Amino acid sequence: MTLYLRTLSLALLLLLAPSAFAQQPTQEQVGRLLEVMRAQQTLEAILPQVQASQQQMVAQATAGQQLDAAERERIERIVARGNATIAQALAWEKLEPVYRDIYMATFTGEDMDAMISFYESQAGQNLLDKMPQLMQNTMQAVQQMLMPVLAELEQDLAAEVGGQ
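Residues numbered from 1 in each chain as written. Predicted model: local features only at pLDDT ≥ 70, side-chain atom pairs only at ≥ 80, totals over all residues. Heavy atoms only, no water.

Describe in detail the overall build of the protein chain, supporting the description with residues and values.
Counting its secondary structure elements, the protein chain contains seven helices and zero strands. Beginning at the N terminus, the succession of helices and strands in the protein chain can be written as α-α-α-α-α-α-α. A buried classification covers 16% of the 164 residues belonging to the protein chain. For the protein chain, the proportion of contacts with a sequence separation of at least 24, taken over those separated by at least 6, is 81%. Of the roughly 12,500 Å² of accessible surface on the protein chain, 62% is carried by carbon and sulfur atoms. (Helix = DSSP H or I, 4+ residues; strand = E, 2+ residues; numbered from the N terminus. Buried < 20%, exposed > 50% of the residue type's maximum accessible area, 1.4 Å probe, protein only. Contact = heavy atoms within 4.5 Å. Areas by Shrake-Rupley, 256 points an atom, 1.4 Å probe, with all protein chains shown as cover.)

Okay, here's the thing in structure tokens:
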């Protein structure tokens, strides 16, 4: 083998070696990361938001309708069932194993250690503290951007349906 090929082979081997020998994360690392990221608390904080969104969708769907007491009660039962189903689907006991599998499949042990260090730091904790507000601000900004687009789509749909 020529010196060039040996050098190239050695360089390729050295480049590939770190990924080939990447340390798999441990269950302990994943558990610690989920803990310092406040994954369970974040999930539990999302539930009321999802339920409020469902309530808002029902309110929009029934806006302007004169509902009698029996109809309102029926809708409330449906919403309550929906909320219970959502709460069950988003239960930490169901999602934690999913989170663990995803993190185990996605990150190396070194990645886990780096993320644990970050989320244990003051900067990481500040990020977690501000994440709900960041998400709310982002959603509001995106909604503002989408309102004209959705209004135009609604007009196009009305024109298309009305024109037939």
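Break down the side chain of Asn83 for me, with residues and values.
With respect to the helices, strands and loops of the structure, Asn83 is situated in helix H4 (residues 69-89). We classify Asn83 as buried; its relative accessible area is 17%.

Any chance you could break down the packing of aromatic side chains for me, citing the residues and the numbers?
Tallying each qualifying case throughout the model produces three aromatic pairs. With a centroid separation of 5.6 Å and 35 degrees between ring planes, the pair formed by Tyr103 and Phe107 is classed as tilted. (Phe/Tyr/Trp six-rings, centres within 6.5 Å; stacked < 30°, edge-to-face > 60°.)

Give a detailed account of the nonpolar core, specifying residues and quantitative values.
Counting residues in each nonpolar core, the largest one holds 16 residues, and the members touching the most others are Val30, Leu33, Leu34, Tyr103, Met112 and Tyr119. Listing elements by their share of this core, those giving two or more residues are helix H2 (27-36), helix H3 (39-61), helix H5 (92-106) and helix H6 (109-120). Here Val30 is in contact with Pro25, Arg100, Tyr103, Met104 and Met112, once residues within four sequence places are set aside. (Core = buried A, V, L, I, M, F, W, Y, C linked by side-chain atoms within 4.5 Å.)

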